[in-house]
Amino acid sequence: MIHTAACVRSVGSFIADLADRLPRTVGAHVALLVPHLGCKAYPIRSGIVHALASLIAGGFEAPADGSSSDAGTNARLRTKQHLLDLLLERARDEISYTRSAVCKAWETLAQGGGAGAGKIPIGHWLPVTRLAIGRL
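Residues numbered from 1 in each chain as written. Predicted model: local features only at pLDDT ≥ 70, side-chain atom pairs only at ≥ 80, totals over all residues. Heavy atoms only, no water.

1. Concerning the pattern of salt bridges
Next, step 1: If you walk through the whole model with that rule in mind, you get 2 salt bridges.
Next, step 2: The shortest N-O distance in the salt bridge between aspartate 93 and arginine 45 comes to 2.9 Å. With aspartate 93 in the loop between α5 (70-89) and α6 (96-111) and arginine 45 in helix α4 (residues 42-58), this pair connects stretches of sequence that are 48 residues apart.
Next, step 3: Notably, a salt bridge pairs aspartate 93 with arginine 90, separated by 2.3 Å at the nearest N-O pair.
Next, step 4: Overall, aspartate 93 belongs to the buried group, its relative accessible area being 4%. (Salt bridge = Lys/Arg side-chain N within 4 Å of Asp/Glu carboxyl O. Helix = DSSP H or I, 4+ residues; strand = E, 2+ residues; numbered from the N terminus. Buried < 20%, exposed > 50% of the residue type's maximum accessible area, 1.4 Å probe, protein only.)

2. Remarks on a nonpolar patch on the surface
Next, step 1: A cluster of nonpolar side chains, contributed by Phe14, Leu18 and Leu22, occupies part of the molecular surface with about 270 Å² of accessible area.
Next, step 2: Relative to the helices and strands, leucine 18 resides in helix α1 (residues 2-21).
Next, step 3: Judged by relative accessible area, which is 31%, leucine 18 ranks as partly exposed. (Patch = residues over 30% accessible without salt bridge, like charges linked within 9 Å, V, L, I, M, F, W, Y side chains within 5 Å. Areas by Shrake-Rupley, 256 points an atom, 1.4 Å probe, with all protein chains shown as cover.)

3. Looking at the nonpolar core
Next, step 1: Ile48, Val49, Leu52, Leu83, Leu87, Trp106 and Leu109 are the most contacted members of the largest nonpolar core, which has 30 residues in total.
Next, step 2: Those elements that place two or more of their residues in this core are α1, α3 (30-33), α4, α5, α6 and α7 (125-135).
Next, step 3: Examining the composition of this core, we find that 9 residues originate from one element, α4, more than from any other.
Next, step 4: Leave out the neighbours within four places in its chain, and tryptophan 106 touches Leu84, Leu87, Leu88, Ile120, His124, Val128 and Leu131. (Core = buried A, V, L, I, M, F, W, Y, C linked by side-chain atoms within 4.5 Å. Contact = heavy atoms within 4.5 Å.)

So, in structure tokens, the structure goes:
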């Protein structure tokens, strides 16, 4: 049992670290991660929540070469909106550790000193504020 718990924690950490280091790559395959938000192992859910925050913070900028089309921009915005909604939804997780990871993710997106600073769209300010007040 101890070996299994360590493996699950390692998977969660791996997902979070991978998203920190390669947000565009993870962003391209986020559809593979989202179904695992329903798994029973909270370390995996917490790692995916951290990965979602990393993707929102750094995985949706336009390409540096300026080759972005309107359709590509719209797709990025829709995906980012979906990830923001997933992050709000996970604030009602059954396990407090995952809820804590969600609050940390929102904190990183709101005021973090890194790439996530100021990444919460205006339309999400009120729901995130209500979330924060509800968790106090």
